[in-house]
Amino acid sequence: MQTSVSSGNPIPVRAVGRDPLFAGIEVGHVFKLGNKYSKAMKAIFLDQFGKEKFMVMGCYGIGIGRTVAAAIEQHHDADGIVWPMPLAPYAVIITR
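Here we summarise the structure given alongside this text. What you see is a predicted model, and the numbers here were worked out from it, not measured in a lab.

### Regarding the overall build of the chain
- A count of helices and strands for the chain gives two helices and eight strands.
- For the chain, the N- to C-terminal ordering of α and β elements is β-β-β-α-β-β-β-α-β-β.
- Across the 96 residues in the chain, those meeting the buried criterion constitute 10%.
- Taking contacts inside the chain between residues at least 6 apart in sequence as the whole, the part at least 24 apart equals 37%.
- With an accessible surface of roughly 8,700 Å², the chain has 61% of that area assigned to carbon and sulfur atoms.

### A closer look at the environment of Ile44
- Within the fold, Ile44 resides in strand β4 (residues 44-46).
- Looking at Ile44, the relative accessible area reads 35%, which means it is partly exposed.
- Expressed as a C-alpha distance, the spacing of Ile44 and Met55, which sit 11 residues apart in the sequence, is 5.6 Å.
- Those residues in contact with Ile44 that sit more than four places away from it in its chain are Glu52, Lys53, Phe54 and Met55.

### Describing the side chain of Asp47
- Along the chain, the position of Asp47 falls in the loop between β4 and β5 (52-54).
- The class for Asp47 is buried, based on a relative accessible area of 13%.
- A polar side-chain atom of Asp47 sits 2.9 Å from the main-chain amide nitrogen of Lys51.

### A few points about the environment of Leu33
- Relative to the elements of secondary structure, Leu33 occurs in strand β3 (residues 28-34).
- Separated by 26 residues in the primary sequence, Leu33 and Cys59 have C-alpha atoms spaced 7.4 Å apart.

### Concerning the layout of surface pockets
- Estimates place the volume of the largest pocket at around 350 Å³.
- Along its surface, the largest pocket is lined by 13 residues, and Ile81, Val82, Trp83, Val92 and Ile94 are the ones closest to its centre.
- Considered class by class, the residues forming the lining of the largest pocket number nine nonpolar, one polar and three charged.

### A word on a nonpolar patch on the surface
- Together, Ile64, Val68, Ile81, Trp83 and Leu87 line one region of the surface with nonpolar side chains, adding up to about 460 Å² of accessible area.
- Locating Val68 in the fold gives a position in helix α2 (residues 64-74).

### Quick word on the pattern of salt bridges
- What the rule picks out here adds up to three salt bridges.
- Note that Arg66 is salt-bridged to Glu26, the shortest N-O span being 3.1 Å. With a gap of 40 residues between them, Arg66 in helix α2 and Glu26 in the loop between β2 (18-19) and β3 connect regions that are remote in the sequence.
- Ionic pairing is found between Lys53 and Asp47, a salt bridge with its closest N-O pair at 3.7 Å.

The rules we used
Residues numbered from 1 in each chain as written. Predicted model: local features only at pLDDT ≥ 70, side-chain atom pairs only at ≥ 80, totals over all residues. Heavy atoms only, no water. Helix = DSSP H or I, 4+ residues; strand = E, 2+ residues; numbered from the N terminus. Buried < 20%, exposed > 50% of the residue type's maximum accessible area, 1.4 Å probe, protein only. Contact = heavy atoms within 4.5 Å. Areas by Shrake-Rupley, 256 points an atom, 1.4 Å probe, with all protein chains shown as cover. Polar contact = N/O pair within 3.5 Å; in protein donor to acceptor, adjacent residues only side chain to side chain. 1 Å grid on protein atoms, 1.4 Å probe; cavity = no way out; pocket = protein on both sides within 12 Å on 5 of 7 lines; lining within 4 Å. Points joined across faces, edges and corners; volume = space filled by probe spheres on them. Nonpolar A, V, L, I, M, F, W, Y, C, P; charged D, E, K, R; others polar. Patch = residues over 30% accessible without salt bridge, like charges linked within 9 Å, V, L, I, M, F, W, Y side chains within 5 Å. Salt bridge = Lys/Arg side-chain N within 4 Å of Asp/Glu carboxyl O.

Now the structure itself:
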């Protein structure tokens, strides 16, 4: 099933209002690790029946590559990258 979203769609969770549409950038990753590491660490819990089970693990990470790509996507012009000062490797201002 495919759905499409556009600005002004009704908001299903709220009784009133319309949903504004904003662009987003994905910078983080969620990794499902399963029980590979919980088995190695013998990390167990007791289920509702008192039976031992291995924990299902996951982790979240923010990658430097995606963070830099997001900054470039937000800060560029026709000539290329315009580094925001907090990320710029050097404090340089070039004028024409």
